[in-house]
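Chain by chain, the residues run as shown.
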Amino acid sequence: MNFKCRKVMVKCKKAVIIPGNGAGDVFYSNWYGWLNKKLNSIYEFTCMLRNMPDPIYARESQWITFMHDELLIDEHTLIIGHSSGACAAVRYAEKFKVYGVVLVSAYASDLGDSIEKQSGYFDRPWQWDMVKANTQWICQFGSIDDPYLPWSEQKLVAESLNAELHEYIDMGHFNQSTCIEIFEVIKKHLLSC
């Protein structure tokens, strides 16, 4: 299935950045605050960035509720999820229609990590087909040299979702303070639809 622009499209009115766990104040962590500002500079478009509840364990039970009830993510929203935020984005799109998801450093298992296991994202099979049915666009950014995620994990997510994959060899876990690559892809997509 091609997630490029469809003839009958719901307009994307906003984006929400869902950070990785343990990042501290999200406005000053990684590229989150920078991308929030860049996306808010696009005419008639809004980007939201908020500190998440339960920021260490990123428990699905708390994050999905917060995304739905506080961030008001709906079919006009693009979710940009990084690391555990990517897991949250996928689980959210299993249940609810969204405009699309941009996954950065995405993975599909707890990787044998006790904190990841406690999140709850990995307690059941992923519903890849539901995610594809509930989105108009899926894009993924991954790097072969990610020190936390094997490339096989990242590739599994991309293949399972038929995601538009942007593969890098030198971006690590995408912990930079800026990430022009993510902004440019999102901007290009929004302007072409």
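Look a little higher up for the structure.
To start, this report covers the structure provided alongside it. Predicted model, so just to flag it, every value in this text is computed and none were measured.

Reading the values: rules and limits
Residues numbered from 1 in each chain as written. Predicted model: local features only at pLDDT ≥ 70, side-chain atom pairs only at ≥ 80, totals over all residues. Heavy atoms only, no water. Axes fitted to C-alpha atoms, helices over the stretch in contact; angles between N-to-C directions. Helix = DSSP H or I, 4+ residues; strand = E, 2+ residues; numbered from the N terminus. Parallel < 35°, antiparallel > 145°, perpendicular 65-115°, else oblique. Left-handed = near helix turned anticlockwise from the far one by under 90°. Contact = heavy atoms within 4.5 Å. Nonpolar A, V, L, I, M, F, W, Y, C, P; charged D, E, K, R; others polar. Buried < 20%, exposed > 50% of the residue type's maximum accessible area, 1.4 Å probe, protein only. Pairing = 2+ DSSP bridges. Right-handed = clockwise from strand over helix to strand, strands pointing away. Salt bridge = Lys/Arg side-chain N within 4 Å of Asp/Glu carboxyl O. Core = buried A, V, L, I, M, F, W, Y, C linked by side-chain atoms within 4.5 Å.

Direction vectors running N to C along helix α2 (residues 60-69) and helix α3 (residues 84-95) enclose 65°, while the axes themselves pass 10 Å from each other. Taken together, the axis directions place α2 and α3 in an arrangement best described as roughly perpendicular. Every pair of crossing elements has a handedness; the one defined by α2 and α3 is right-handed. Counting all contacts with α2, which are made through E60, W63, I64, M67 and H68, the residues of α3 involved are S84, G85, A88, A89, R91, Y92 and K95. Broken down by class, the residue content of the contact of α2 with α3 amounts to 6 nonpolar, 3 polar and 3 charged.

Before going further, it helps to examine the pairing of strand β1 (residues 14-18). Most of β1 sits inside the fold, with 5 of its 5 residues counted as buried. Burial along β1 is two-sided: the residues K14, V16 and I18 and A15 and I17 are all buried. Bridge count for β1 against strand β2 (residues 46-49) is 4 bridges, and the pairing is parallel. Bridging from a neighbouring strand, K14 pairs with T46 of β2. Tracing the backbone out of β1, into helix α1 (residues 32-40) and back to the parallel element β2 gives a crossover that is right-handed. Where β1 meets strand β3 (residues 77-82), 5 bridges bridge the pair, whose relative direction is parallel. From the neighbouring strand, A15 faces β3, where its bridge partner is L78.

Turning next to the pattern of salt bridges. Applying the stated criterion across every chain, the model contains 5 salt bridges. Here R59 ties to D54 by a salt bridge, and the two come within 3.0 Å at their closest N and O atoms. Taking the relative accessible area as the measure of exposure, R59 reaches 27% and is therefore partly exposed. The class of D54 is buried, set by a relative accessible area of 15%. Put simply, R91 and E94 hold a salt bridge, and the shortest N to O gap is 2.8 Å.

Moving on, we get to the sheet that holds β1. Across the sheet, which stays open at both edges, the 6 strands sit in the order β2-β1-β3-β4-β5-β6 with parallel pairing between neighbours. With one partner strand each, in any of the chains shown, β2 and β6 (164-168) form the two edges of the open sheet. With direction set aside, neighbouring strand axes in the sheet form an average angle of 15°. Relative to strand β4 (residues 100-104), β3 runs parallel, the two sharing 5 bridges. Bridging from a neighbouring strand, H82 pairs with V104 of β4. Seen against the sheet, helix α6 (residues 151-161) touches β4, β5 (137-143) and β6 and runs at an angle of roughly 165° to β5. The sheet strands contacting helix α7 (residues 180-192) are β3, β4, β5 and β6, and the helix crosses β5 at an angle near 165°.

Counting residues in hydrophobic clusters, the biggest one holds 35 residues, and the most contacted among them are I18, M67, I79, L103 and L161. Contributing elements (two or more residues each) for this core: β1, α2, α3, β4, α5 (128-133) and α6. No other element matches α3, which puts 7 residues into this core. In contact with I79, not counting residues within four places along its chain, are V16, I18, M67, I73, A89, Y92, V98, G100, V101 and V102. Among the nonpolar cores identified, the runner-up in size contains 29 residues, and V26, F45, I80 and C139 belong to it.

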